[in-house]
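Letter by letter, the chains look like this.
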Amino acid sequence: MSRVVRAAVFQTAWTGDKESMIQVHEQAARDAAAQGAQVLCFQELFYGPYFCQVQDKAFYEYAEQIPDGPIVKRFQALAKELGIVLILPMYEEEQPGVLYNTAAVIDADGSYLGKYRKTHIPQVEGFWEKFYFRPGHSDWPVFDTAAGKIGVYICYDRHFPEGWRALGLAGAEIVFNPSATSRGLSAYLWQLEQPAAAVANEYFVGAINRVGVEELGDNDFYGTSYFVDPEAQFVGEVASDKDTELVVRDLDMAKLREVRDRWQFYRDRAPGAYTPLTAP
Amino acid sequence: MTVTTAVPAPETALSVRQILALERVVAGEPEVVAGAGQLDRPVRWVHVAEAADVGVMLSGGEMVLTTGVLLAGDVRIQTEYIRSLDRAEAAAVVLGLGRAFPAPPESMRRAAERCGMPMVVLHRPFPFAELTEEVQSRLVRRKFAAVSLSEAVRTALTGLITTGAPLQRLLDEIAGHSACPVILTNLAHRVLATAGERSAVDDVLRDWERIARQAGGNEGDGWIRADIGGRGEQWGRLVLCGYRGDIETGRLLADRGAEALVLHRMLGGTVAAWEEQSAQSLLTDLVSGVVPARQLLPRARAAGLPVNRRTFVPLVVRDGDAPQLGRILRLLGLSGLVAELADGYTAVLLSFARDQDADALAAHFAARLCTGGRPVVAAAAPRTAWDDVPAGVSEALHVAEAVADTPADQDLPMLVRLRDVRLRGLVRLLRDDPHVQSFAERELDGLLCGGGDGDPDLLPVLRTYLATGRNKSRTAQLHHVSRPALYRRLEAIEARLGVDLDDFEQAASLHIALLAHDAQRG
């Protein structure tokens, strides 16, 4: 009997305040657990608006300590209560003035497993992230959770194939890509890049995008979160482009082995030939 | 290099090969002396040109006819003439032998071969005007045919839209022109509507999972897709599945169809409405039993409902708002279809993985639905076989109807099942039975007939008296009458019906008759 991981992602709209946003996510975790989901990943900067549409230091207040801040503690207790692995994309303050775009990973027994800090930070119209975040250097952690080996690659990171590969080499079976991405020029890439990464690295990808237009700008976040398998096939349907939605899907890990046995990308890659890629 | 050998000529053009096969051209004894591998190149126009710098007069796709009178004697000019044609992306060159060249000039032949340009010589030259007339008229006829097809399809579809035709009628029209299955999907690749020959559509839907889940998409093999959207937003997609005609015509049909659907949506439809119509027609077909459940399986799968190794729970919600029910399904991450049925009932068909607690999750859904209100959610027992789903939907509908007859003060669970509606459910089920109908008439005859001396309130009083378990003070209270007044009415009822209300069996009999009477009217 092959191992099937029931995995979930959650997309939602900004409610207008941090506490109600946290409560919406707590309820989503309960709803996912009620369905037997073993792991759930939230959207990028899950308890806030996507404040990078503006450059305003008032939003530094959204940053919290990881793992010692109250939100991580709160969701550790919830993960333990529900027996579900939680991935929490948050605004992290390491110390005043040292801030990161981070995802904390909580195991199903509530223990804190570690974090991934977003590596590639954009600074373009509507996505002024360099104002808020230092680039992370997390060495591509893969977390050995109760639901399997999990990696995280945040939003803009997805445009860079190297990180996807590093997570694959580190043994990731599922990589979550929590995002905040809006309609416009790149919308067509949303269903192209992650499936391509899933094939190139022969693992499952869960892509999450928030929904709605928020008060801070015109970005129209188009949701359409999904899971894609190592053959670039969507697992079930892609979520709504407007509504809050919990996406729960069964990921059959036998597919990962089957695809890797068929397409030997890890065997046939040629790292010796890639030296120019790491030249400064 | 341009590879044209495997590409069929677009519908509005002729290929070099087709032109060479025309009767009038064959009479000129054409011989291909270079570029034989490129004869499927499309010819957009035929042009006669003698000048050495011919290229400046062309815009691409032309077949150029020449006698070579200005080229004779100068090998360099001959070579440059061919290169100039190639730079201008001419489709082919035809040289009439006799006036300037008795035989194909080797320099031109070599140059044409190097460029991959078809070069044809006519051993029996004839007036070029005849050839241009022949080809030009054929090209114009083809273009005209395409324009008229486009116009005919557009007129038909616009006509349908202005008369308020439903979505299905538009798709049927498109399928009528394309002679292949036509499928409308939303952005999540969910099939919203189909048209075309039923068995061909079913064949496509059977494989839909594989086709739809592929990221990107392949336009080959007659699968022609047109995006549906407007105001910078894409809503869905129209797909011609396995169109057998030429790609250009298929593209034209798909584009006209997509335009019509955009217009249809802008004039009142919504994608949500399309989605609901799709679920509605599926669930209606399921309940009606006109189509065996098994045959509806591909449609259910294509509509986004997981059906393999699943447990199904049919629900019926009274006064439910279908879009709201859909939003709650998505919020909870549950798989299901929502559709409005007749008489203010909405059906929800939930699909769970076998290891999930179907009852608990259905109750979870009902609880979320009941937040801030109290719509009645009637549920059938979970079904593990798809073939049992129609009976399940009927059961849920039956429960919902029985609940509608239940007094408002009766305590019911959040999710009402058959067992919760008890006798009322049974009577509802049997309401159309002639024996039950005549039983109710017989039992209540004295009150139903009325009569000049009767009190019109007697039937409601009897109903309340029996529903309260023959509690006289409660009945008097509910009818705002004094107890002596109530006694008089009960005595009148006993006299009219010839019964003793203190006798349990007689009272029970009247109670059942009243339930049957109410169910028949409901």
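Residues numbered from 1 in each chain as written. Chains lettered and ligands numbered in written order. Predicted model: local features only at pLDDT ≥ 70, side-chain atom pairs only at ≥ 80, totals over all residues.

**Side note on the UniProt feature "domain: PucR C-terminal helix-turn-helix" (unreviewed entry) in chain B**
Here, UniProt's "domain: PucR C-terminal helix-turn-helix" (unreviewed entry) annotation points to residues 458-516 of chain B. Taken end to end, residues 458-516 of chain B comprises 76% helix and 0% strand; its first and last C-alpha atoms sit 17 Å apart. (UniProt positions renumbered as here; feature names shortened; annotations may be inferred. Helix = DSSP H or I, 4+ residues; strand = E, 2+ residues; numbered from the N terminus.)

**Considering the sheet that holds strand β4 (residues 98-106) of chain A**
Residue and element names in this part refer to chain A. On the basis of which strands lie adjacent, the open sheet formed by 6 strands has the order β5-β4-β3-β2-β1-β15 and mixed pairing. Looking at strand neighbours, the two that pair on one side only are β5 (112-117) and β15 (245-252), the edges of this open sheet. Within the sheet, the average angular offset between the axes of one strand and its neighbour, ignoring direction, is 30°. Pairing between strand β3 (residues 85-95) and β4: 9 bridges, direction antiparallel. Residue pairing for β4: Gln95 is matched across the bridge by Val98. Contacts between helix α2 (residues 70-82) and the sheet are confined to β3, β4 and β5, with β3 contributing the most and set at about 165° to the helix. Most of the contacts of helix α5 (residues 253-262) go to β15, to which it runs at about 55°, and overall it touches β1 (4-11) and β15. (Pairing = 2+ DSSP bridges. Axes fitted to C-alpha atoms, helices over the stretch in contact; angles between N-to-C directions. Contact = placed C-beta atoms within 7 Å.)

**Brief notes about the confidence of the model for chain B**
Residues and elements named next belong to chain B. When pLDDT is averaged along chain B, the result is 85; 91% of the residues meet or exceed 70. This model gives residues 1-10 a pLDDT under 50, and the stretch forms 15 contacts once residues within four places in sequence are excluded. Complex prediction metrics read pTM 0.71 and ipTM 0.81. (pLDDT = per-residue confidence, 0-100.)

**Re the packing of helix α3 (residues 161-169) of chain A against helix α4 (residues 193-201) of chain A**
Residues and elements named next belong to chain A. Packing of α3 against α4 leaves a shortest axis separation of 10 Å and a crossing angle of 40°. Considering the angle they form, α3 stands oblique to α4. As for the relative orientation of α3 and α4, their crossing is right-handed in sense. Where α3 abuts α4, its residues Pro161, Trp164, Arg165 and Gly168 lie against Ala197, Ala200 and Asn201. Its residues assigned to classes, the contact of α3 with α4 comprises 4 nonpolar, 2 polar and 1 charged. (Parallel < 35°, antiparallel > 145°, perpendicular 65-115°, else oblique. Left-handed = near helix turned anticlockwise from the far one by under 90°. Nonpolar A, V, L, I, M, F, W, Y, C, P; charged D, E, K, R; others polar.)

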